[in-house]
Structures are given as C-alpha cells and as structure tokens.
Amino acid sequence: MSKYVIEGGNKLTGEVMVHGAKNSVLPILAATLLTDTSTIHNCPSLSDVDAAFNILSNLGCRIVREDDSVTVETEALSSCTIPEHLMREMRSSIVFLGAVVARCGKAKISMPGGCELGPRPIDLHLSALEKLGVTIEEEHGYLNCTVEDKLRGATISLPFPSVGATENIMLAACTAEGETVIHNPAREPEIVDLANFLQRAGARIHIGENGTIYIQGVQKLHPTEHTVIPDRIAAATYLCCAAITGGEVLLKKVIPQHLTSVFPILEEAGCRIRHTGGGIYLQGPERPRPLRTVRTMPYPGFPTDAQSPMMALSCIASGTSVFVENIFESRYKHAYELTRMGARIHLEGRVAVVEGVSRLHGTRVVCTDLRGGAALCCAALAAQGRSEITKINHIERGYQDFDKNLRSLGAIMEKVRE
Ligand code: EPZ
C-alpha cells in the first residue's frame, strides 16, 4: 500500500493536461464487445481501466495498449461470465452486462459490491434489460441472464436518470430488433461520448432535444476508432486544488461546456475563471468565500463527483457553506477525515453544513472513496504542516498521475510506500 505525504502551504501555479474521462472510457470499453475490433484514443491509465481490461481479457478479448491508445479485439470471445472477483474490482462493472448480453445472448455476472457511496442498487438496470427481453434469475449472488430468441427494442422510462442504467440500455439496444426509446435518460457528457462511439461503429442512435434517446437496432456494429472526451471531474478537482491554495492554473485539453455548473460555484468562492482555446484558466482568491448552497444534481446540474473537492475548498472559507447531496445516500465519509484536519462540518442526512475556519492543520487521514480521497489531498495542499493520506488506491482508480501533476504545479507532495 502507498500513501501521499503533502507539506501544505504552497500556491499551485502552472499548467495541467487533463486525462481522458474515466466515466466515459469504461462504458466505451464495454461497448467494444459489440464490434470485432475497436481502437480507443486518450484512454487514461487508471486502475479502474485496468479492471475493465481484466474483464475483457477474462471474456477472451485481446487487448493491445500503446501509450494512450488501446485496441480491443473480440473475435476470440470465449466466455459470457464475469466472475465475482472481477465484478468487485470496480463498482461500475455492471455496465458490462448489457454489452455481454447483446454479444452473447446470455451473461452470468455476480452482483456488484455495495460500496462507499451507499448500496449502489441495480434495479433500474435489471428492469430495463427485462423490458428488452432479458430473463434474469438470481442464484447464489450471481445473475443468470438469458435471451429467449432476440433482444427486442422497447420504450423505457427511467424514474431516475441513472447514468449506468442508461448506458446498459444503450449497449443492449444497439443490436436489438426494432426501436428502443429511453425517456428521462442520463444526459451526462459521458452518455453523449458513448453514443458517439456507438454511432461511429454503425449504431443508429439519436438524442432528441429533450434528451430522449432513440435507438434503431442494427444487425452488427463494425470496427471503429474513437477519442475519449477529457475528464470533467478531474478538471474540477484540479480547479479546486488551485483555488484552495490561492494559486493560478491553466487546465489544458478540457471542454469548458462540460463544467458550466461548476464555474458559478467556484466564482461564488471568489475565483476568477477564463476560458481560453480548449483550456480553462483559474485564479484563486486569497481566502475562499462561503458557498450559499451547493446542490448535487443529474447533469447539467452540479456533479455529485465534484461535491467532495468543493467541500474541501469551503472548509477554509470566510463563512458557512451548505451542501445538499441529492444523488448518493452516503457521500460524506470524507467529512469525518476533513474534521481531523480541523474542518468544522455538521452532517444532517443529505445536508452538510461547513463552517469555514482560517486554517486546516496537516495530519494523517484515510481515503474513503475516489473523490473523497482527492478532496483530502485538496485540503492537505492548503493545510498548515504535513499530511499523510493513506489508502490512495482509491484515488488511483480515477486520477492519472495525480501526485505528478500536483507536484508539477508546485505542490510539495510525494508518494511513499506505507
Ligand atoms: C455513475 O455512477 C458514475 N460512475 C459515478 O461516478 C457518478 O457519481 C454517477 O454516475 C452519477 O453521476 C461511472 O460512470 C463509472 P447512477 P452510476 O446510476 O451509474 C441510484 C466517480 O466518482 N440507482 O446515475 O452508478 C444510485 O444508488 C463515480 O467517478 C438506483 O437506485 O450512477 C444513486 O443513488 C462515483 N438504482 C443514483 O441512482 C439503479 O439501478 C445515481 O446512480 C441505479 C442507480
């Protein structure tokens, strides 16, 4: 196990290149099962991506990686089972279900683990797949999925715009017979990126004005290439790290439009933000101002994945900030670790009230989840003295070269073995 050691107090200044989006490349890697061969560019080096490679290899696919390009060949596919140890490696492994069923006409997967953000149910995934003609039986913690004849298009209304459920439906519907319509789908940029990949591979997908997704099933998808969009959550995290240190950074290879709900909150905190060609420039305040109310919402609302880094920023604000976490049941575990650094946070169900303090102090803290771990690093960058952030395997799931990038901006930070 490794840990980060951070000496707080330095302003971050300089430029950072943002890596490809984890939450885009994962469903796209699942989608490669629908074609014989696909090449994906701007693929980030993350442990969750390695976990997806392990699932594909276990199914019999051949994976060739060259720098940030990866080619997936599926002709030798030999299995439709994803064993428990692979399903548990990554929370979002459930997104492989739709693709495996579409490719093989059946699938056997273990129930994905519950996790740091709450139970992570998959009821919306399963009920949607059943509407498309999948029979699902649970047996000893495994889901046995079979398709009588063929997957058939259906009209599906999601009670909640679940990202994963939307992705699973898209993957299963591309080669189903007839039309599938998804009402109230997720509208995250990662959904659009997946649709773009599938369209490039020959799928007939149309996203209507109101977000409704229309899919006309086709026989088979063909080989394709695709470049993954930049990671908007990694971008938001680096912006919070610069802001909390009163520094100034230029993020490159980002899509500003993907962060339109994050900018106003950073500006409320006193940041100056400018969009340059393909980049975002941020100048942090001497001391952040408090955030009236940060409500996490489905896209295009404020992203739940940026809640914890933004909370870290608010810990040293000149007043009290309020957060309302509307997406996940239990996404404040990082608050307990932030209070060990001197933060004053009161939790009441989905509401967190953060009373800003003038300084945090460095100490030893434990990562509870991916974004919560990044938030602890953000806080440590501004804390007085030395912090040790342990269980950084959580962070390495979703941030490529996190310590290297922060060091390049002037952070006194190193990764050492526990
Ligand atoms: C995706 O998770 C992302 N993960 C999450 O990012 C992100 O926080 C989330 O979408 C919301 O934007 C990936 O894309 C790999 P959901 P997902 O289905 O698909 C409930 C990160 O840090 N729900 O939109 O699991 C669920 O419990 C990760 O990068 C059901 O009740 O999110 C949650 O409360 C964390 N039943 C809410 O919906 C279901 O069948 C949102 O879940 C499915 C979901």
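Not measured: the values here are computed from a predicted model.

Draft legend 1. Region of interest: the domain arrangement of the protein chain. If you check the domain split of the protein chain, you get domain 1 (2-16 + 231-417) and domain 2 (24-227). Computed over C-alpha atoms only, the centres of domain 1 and domain 2 are separated by 31 Å. With 19 residues of domain 1 in contact, the opposing surface of domain 2 contributes 18 residues. Summing both partners gives a buried area of about 1600 Å² for domain 1 against domain 2, and 54% of it is carried by carbon and sulfur. Taken as a group, Tyr299, Arg397 and Gln400 account for 37% of the area that domain 1 buries against domain 2, more than any other trio of residues on that side. At the junction of domain 1 with domain 2, the criterion picks out two salt bridges.

Draft legend 2. Geometry of the site of the ligand. In the neighbourhood of the ligand, 21 residues make up the surrounding shell, with Asp123, Leu124, Ser162, Asp305 and Ile327 lying closest. One of the side-chain N or O atoms of aspartate 305 is found 2.6 Å from an oxygen atom in the ligand. Protein contacts shield 86% of the accessible area of the ligand, which totals 820 Å² for the unbound molecule. Where the shell around the ligand is concerned, the elements lending two or more residues are α1 (22-31), α5 (123-131), α6 (163-173) and α12 (370-382). It is α5 that contributes the most residues to the shell around the ligand, three residues altogether. Residue composition of the shell around the ligand, by class: nine nonpolar, six polar and six charged. Of the domains in this structure, domain 1 (2-16 + 231-417) and domain 2 (24-227) are the two that each give at least three residues to the shell around the ligand.

Conventions adopted
Residues numbered from 1 in each chain as written. Predicted model: local features only at pLDDT ≥ 70, side-chain atom pairs only at ≥ 80, totals over all residues. Heavy atoms only, no water. Domains from an automatic or database assignment. Contact = heavy atoms within 4.5 Å. Buried area = accessible area lost by both parts, 1.4 Å probe. Salt bridge = Lys/Arg side-chain N within 4 Å of Asp/Glu carboxyl O. Near = heavy atom within 4 Å. Polar contact = N/O pair within 3.5 Å; in protein donor to acceptor, adjacent residues only side chain to side chain. Areas by Shrake-Rupley, 256 points an atom, 1.4 Å probe, with all protein chains shown as cover. Helix = DSSP H or I, 4+ residues; strand = E, 2+ residues; numbered from the N terminus. Nonpolar A, V, L, I, M, F, W, Y, C, P; charged D, E, K, R; others polar.

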